[in-house]
Amino acid sequence: MDRTRLDALVRRLGSTLPLIGPGIRRSACRVLAADGGADAVPHLVSATRSSDAEVRTIAETALRALTQQPAIDALCDAAIADPSGPSVAIAVENDYQHSVVSRRCLVLLLTGQIERYIDLDFDLRYARAEYEAGDDGLRTRIADAVRRSGDPRLAGLLLGSAPSTGAISKRAADLTEAEASVVVEVYARHGRWAEVLG
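Residues numbered from 1 in each chain as written. Predicted model: local features only at pLDDT ≥ 70, side-chain atom pairs only at ≥ 80, totals over all residues. Heavy atoms only, no water.

*Asks:* Tell me about the overall build of the chain, and please be specific about residues and values.
*Replies:* A tally of regular secondary structure across the chain gives 13 helices and zero strands. Helices and strands in the chain line up, N terminus first, as α-α-α-α-α-α-α-α-α-α-α-α-α. For the chain, the residues scored as buried account for 42% of the 198 residues in total. Expressed as a percentage of contacts within the chain between residues at least 6 apart in sequence, the contacts between residues at least 24 apart total 58%. For the chain, the computed accessible surface area is about 9,800 Å², with 54% contributed by carbon and sulfur atoms. (Helix = DSSP H or I, 4+ residues; strand = E, 2+ residues; numbered from the N terminus. Buried < 20%, exposed > 50% of the residue type's maximum accessible area, 1.4 Å probe, protein only. Contact = heavy atoms within 4.5 Å. Areas by Shrake-Rupley, 256 points an atom, 1.4 Å probe, with all protein chains shown as cover.)

*Asks:* Break down helix α9 (residues 125-133) for me, with residues and values.
*Replies:* Listed as buried for α9 are Ala127, Arg128, Glu130 and Tyr131. Buried residues in α9, looked at end-on, bunch into an arc of 160°, giving them a common side. (Arc of directions from axis to C-beta.)

*Asks:* Tell me what's going on with a nonpolar patch on the surface, and back it up with residues and numbers.
*Replies:* The grouping of Leu17, Leu19 and Ile20 at the surface amounts to a nonpolar patch, some 360 Å² of accessible area in total. You can see Leu17 is positioned in the loop between α1 (3-13) and α2 (21-35). (Patch = residues over 30% accessible without salt bridge, like charges linked within 9 Å, V, L, I, M, F, W, Y side chains within 5 Å. Salt bridge = Lys/Arg side-chain N within 4 Å of Asp/Glu carboxyl O.)

*Asks:* Please set out the pattern of salt bridges residue by residue, giving values where relevant.
*Replies:* Here the structure, examined in full by the defined rule, presents 15 salt bridges. Where Arg49 meets Asp82, a salt bridge forms, and the shortest distance between an N and an O atom there is 2.9 Å. In this pair, Arg49 is assigned in the loop between α3 (41-47) and α4 (53-64) and Asp82 in the loop between α5 (69-81) and α6 (86-93), connecting sequence segments 33 residues apart. The exposure class of Asp82 is partly exposed, given its relative accessible area of 27%. A single salt-bridge network, built from bridges that share partners, covers Arg25, Arg26, Arg30, Asp52 and Glu54.

*Asks:* An account of the confidence of the model for the chain is requested, with residue identities and associated values reported.
*Replies:* Per-residue pLDDT for the chain has a mean of 86; in total, 81% of the residues score no lower than 70. Considering only residues more than four positions removed or in separate chains, one finds that residues 161-170, a stretch of pLDDT under 50, has 23 contacts. (pLDDT = per-residue confidence, 0-100.)

*Asks:* Just give me the short version of the nonpolar core, but keep the residues and values in it.
*Replies:* In terms of nonpolar packing, the biggest core is built from 47 residues, with Leu75, Leu109, Tyr117, Ile142, Leu154 and Leu157 touching the most fellow members. If one sorts the elements of this core by residue count, α5 sits on top with seven residues. What Leu154 contacts, discounting residues up to four positions off in sequence, is Leu109, Ile114, Tyr117, Ile118, Leu124, Val146 and Ser149. (Core = buried A, V, L, I, M, F, W, Y, C linked by side-chain atoms within 4.5 Å.)

*Asks:* I'd love a proper account of the packing of α9 against helix α10 (residues 136-149), names of residues and values included.
*Replies:* At a minimum axis separation of 8 Å, α9 and α10 run at an interaxial angle of 140°. With respect to each other, α9 and α10 are oriented oblique. Counted together, Ala127, Glu130, Tyr131 and Glu132 of α9 and Leu138, Arg139 and Ile142 of α10 form the full contact between these two elements. Considered class by class, the residues forming the contact of α9 with α10 number four nonpolar, no polar and three charged. (Axes fitted to C-alpha atoms, helices over the stretch in contact; angles between N-to-C directions. Parallel < 35°, antiparallel > 145°, perpendicular 65-115°, else oblique. Nonpolar A, V, L, I, M, F, W, Y, C, P; charged D, E, K, R; others polar.)

*Asks:* Pulling in residues and values, what's your account of the packing of aromatic side chains?
*Replies:* Summed over the entire model, instances satisfying the criterion amount to zero aromatic pairs. Arg139 extends its terminal NZ or CZ atom over the ring of Tyr131, reaching a point 5.4 Å from the ring centre. (Phe/Tyr/Trp six-rings, centres within 6.5 Å; stacked < 30°, edge-to-face > 60°. Lys NZ or Arg CZ within 6 Å of the ring centre and 35° of its normal.)

*Asks:* Before we move on, could you go through the side chain of Ser15 and cite the residues and values that matter?
*Replies:* Tracing the backbone shows Ser15 in the loop between α1 and α2. Non-local contacts of Ser15, meaning those with residues more than four positions away in its chain, are made with Gly21, Ile24 and Arg25.

*Asks:* If you had to explain the packing of α1 against α2 to someone new, which residues and values would you point to?
*Replies:* Close contact between α1 and α2 brings their axes to 7 Å; oriented N to C, the two are set at 140°. In terms of orientation, α1 lies oblique with respect to α2. Seen along the crossing, α1 lies across α2 with a hand that is left-handed. Where α1 abuts α2, its residues Arg5, Leu6, Leu9, Arg12 and Leu13 lie against Ile24, Arg25, Ser27, Ala28, Cys29, Val31 and Leu32. (Left-handed = near helix turned anticlockwise from the far one by under 90°.)

As structure tokens, then:
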């Protein structure tokens, strides 16, 4: 879909005109849903938060029926950007897998699918690379996922170690305050001080 058409549909999706606004929003959402491309996905994700129940239903149905890999990647990226958002449930429910392995790892990690994540990234290299390259928001989301999981194997994402070796490549002094807080909390829950203090 070309940018001009997409922009027009996005404006129509947010229509607040009295009486005809709902029809305009629903029509725009149907066109985006029929397109089903990667450019339409972020707007369909936004539409799942609409106050209009019919718009929400159209958007959710379209997102559950994605078949093109670029569109699936866009939905997975939305789940990574907002792990508490509506795209997460749809990605998990449909077992959507990002085409880029490191992004696939992040979806699994951020949605709490820890065993599946460890099976795919047993040495933490993919998620660690995303963590290192990510902005502060992504780093915070990864640290929150590690904290929520309480799984000491994942502390290596912040420490730079693999769960199989336990060798830490990042010294405690090099951790940010937020990273240190998560590592201490996770290891304390499991009484695993040797990995941090040793």
